Amino acid sequence: NAGVTQTPKFQVLKTGQSMTLQCAQDMNHEYMSWYRQDPGMGLRLIHYSVGAGITDQGEVPNGYNVSRSTTEDFPLRLLSAAPSQTSVYFCASRVQGVYNSPLHFGNGTRLTVT
Amino acid sequence: TQLLEQSPQFLSIQEGENLTVYCNSSSVFSSLQWYRQEPGEGPVLLVTVVTGGEVKKLKRLTFQFGDARKDSSLHITAAQPGDTGLYLCAGEGFGGAQKLVFGQGTRLTINP
């Protein structure tokens, strides 16, 4: 019963490096999203997707790219990492089209950019 | 942009005491969800309130949705060390892509 799986769990990058945070879910959820969590800021939405081939920006999209080629996977790409992107990143999915459905979260990726 | 303000941000109390956490906004939400997060894990849903004035109970936890659907509260009776964690409220708007907006969180510590 995997749910939402995120890899890696920890990552250290140098400024300017690029990387992809992986997210996969096995619940057949059409809605998937990426949040970043910083102290005192709660969870802020980066990008989201309501189905394969459809993505849109959240409140803090700058510096991040996403794509959704399959229902299961929703990778988050950092094109040129900056220290301001040091954070804990969470991927979450939910049933699309059903109000009040819960978000199912992965266990997060802790990213440090030096 | 819809914003949710949670208070207090930090709360440390003794086992057996009662406490209330507040989640306030100037925006109206179709529903509010409360999540709890343990260290090293993602948030997990506790409850969803959908009707103005609604009250839901989960053992010693009581959740209330304001009549105007702009605010919510979480009350814990006789807190226990196992209640320690980060509590997050999240509001869902009307229409659109069902994005959830989160409050800043309340870090609760219950001391034995």
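Structure report, in brief. The structure presented is a predicted model; accordingly, all values stated were derived computationally and were not measured.

**Concerning the nonpolar core**
No. 1: Leu 19, Leu 32, Trp 34, Phe 63, Leu 74 and Ile 76 of chain B are the most contacted members of the largest nonpolar core, which has 20 residues in total.
No. 2: Contributing elements (two or more residues each) for this core: strand S3 (19-24), strand S4 (31-37), strand S5 (44-49), strand S7 (61-65), strand S8 (71-76), strand S9 (85-92) and strand S11 (106-111) of chain B.
No. 3: In terms of nonpolar packing, the next biggest core, distinct from the first, is built from 18 residues, Met 32, Ile 46, Tyr 89 and Leu 111 of chain A among them.

**Looking at the side chain of His 29 of chain A**
Residue and element names in this part refer to chain A.
No. 1: In this fold, His 29 is placed in the loop between strand S3 (19-25) and strand S4 (31-38).
No. 2: In this structure the side chain of His 29 is engaged in a polar contact, spanning 2.8 Å, whose partner is the side chain of Ser 93.
No. 3: For His 29, the side chain forms a polar contact with the main-chain nitrogen of Arg 94, separated by 3.5 Å.
No. 4: What His 29 contacts, discounting residues up to four positions off in sequence, is Arg 68, Thr 71, Ser 93, Arg 94, Val 95 and His 104.

**Details of the environment of Val 49 of chain B**
All names here are of chain B.
No. 1: Counting through the fold element by element, Val 49 comes out in strand S5.
No. 2: Under the relative-accessibility criterion, Val 49 is labelled buried at 0%.
No. 3: Separated by 39 residues in sequence, Val 49 and Phe 10 have C-alpha atoms that sit 23 Å apart.
No. 4: Setting aside its immediate chain neighbours within four residues, Val 49 contacts Ser 31, Leu 32, Glu 54, Lys 56, Phe 63, Phe 65 and Ser 72.

**A closer look at the layout of surface pockets**
No. 1: Its boundaries defined by the atoms lining it, the largest pocket holds a volume of some 550 Å³.
No. 2: Lining the largest pocket are 30 residues, with Gln 37, Val 88 and Arg 110 of chain A together with Gln 37 and Arg 107 of chain B sitting closest to its centre.
No. 3: Going through the elements one at a time, S4, strand S9 (87-94) and strand S11 (109-113) of chain A together with S11 of chain B are the ones with two or more residues in the lining of the largest pocket.
No. 4: In terms of residues, the lining of the largest pocket owes the most to one element, S11 of chain A, which gives four residues.
No. 5: For the lining of the largest pocket, the residue count by class is nine nonpolar, 15 polar and six charged.

**Some details on the pattern of salt bridges**
Pairing is possible between side chains of opposite charge, provided their charged atoms come close.
No. 1: Under the counting rule described, the total for this entry stands at six salt bridges over all chains.
No. 2: Two residues, Lys 56 of chain B and Glu 54 of chain B, come together in a salt bridge whose shortest N-O distance is 3.9 Å.
No. 3: Under the relative-accessibility criterion, Lys 56 of chain B is labelled partly exposed at 32%.
No. 4: We classify Glu 54 of chain B as buried; its relative accessible area is 17%.
No. 5: Each of Arg 36, Asp 38 and Arg 44 of chain A takes part in one network of salt bridges that share partners.

**Things to note about the interface of chain A and chain B**
No. 1: In this assembly, 25 residues from chain A lie in contact with 27 residues from chain B.
No. 2: Roughly 1900 Å² is buried in total at the junction of chain A and chain B, and carbon and sulfur atoms are behind 50% of that figure.
No. 3: Three residues stand out in chain A for area buried against chain B, namely Leu 43, Tyr 99 and Asn 100 of chain A, and they jointly supply 29% of the buried area on that side.
No. 4: On inspection of chain A and its partner chain B, the count reaches one salt bridge.
No. 5: A salt bridge links Glu 92 of chain B to Arg 94 of chain A; its shortest N-O distance comes to 3.2 Å.
No. 6: Across the chain A-chain B interface, the total number found is nine residue pairs in polar contact (both at pLDDT 80 or more).
No. 7: Put simply, the parts of the chain that give the side of chain A that touches chain B at least two residues each are S4, strand S5 (42-51) and S9 of chain A.

Parameters and conventions
- Every chain's residues receive numbers from 1 upward, in the order its sequence appears when written.
- Note on labels: chains are lettered from A, ligands numbered from 1, in written order.
- Only residues with pLDDT of 70 or above have their local features reported here, since the model is predicted, and side-chain atom pairs are shown and tallied only from 80 upward, although totals for entire chains, interfaces and linings are computed over all residues.
- The side-chain values count all of the structure's non-hydrogen atoms but skip hydrogen atoms and water molecules.
- To define a nonpolar core, start from buried Ala, Val, Leu, Ile, Met, Phe, Trp, Tyr and Cys residues and group those joined through side-chain atoms within 4.5 Å.
- Burial status follows relative accessibility: with a 1.4 Å probe on protein chains alone, a residue under 20% of its type maximum counts as buried, one over 50% as exposed, and anything between as partly exposed.
- In this text, helices come from DSSP runs of H or I with a minimum length of four residues, and strands from runs of E with a minimum of two, each type numbered from the N-terminal end.
- Within 3.5 Å is the distance limit for a polar contact, defined as a pair of N or O atoms, with the added protein rule that one can donate a hydrogen and the other accept it, and that residues adjacent in sequence qualify only through two side-chain atoms.
- Any two residues having at least one pair of non-hydrogen atoms within 4.5 Å are treated as being in contact.
- Note on definitions: the grid is 1 Å and covers protein atoms alone; a cavity is a set of points where a 1.4 Å probe fits but cannot get out; a pocket is an open set with protein on both sides within 12 Å along at least five of seven lines; lining residues have an atom within 4 Å of a point.
- Grid points are joined across faces, edges and corners, and a volume is the space filled by probe spheres set on the points.
- When residues are grouped by polarity, Ala, Val, Leu, Ile, Met, Phe, Trp, Tyr, Cys and Pro land in nonpolar, Asp, Glu, Lys and Arg in charged, and all others, Gly among them, in polar.
- In the sections that follow, a salt bridge refers to a side-chain nitrogen of Lys or Arg positioned within 4 Å of a carboxyl oxygen of Asp or Glu.
- In short, buried area is how much 1.4 Å probe accessible area vanishes from two parts on joining, totalled over both.

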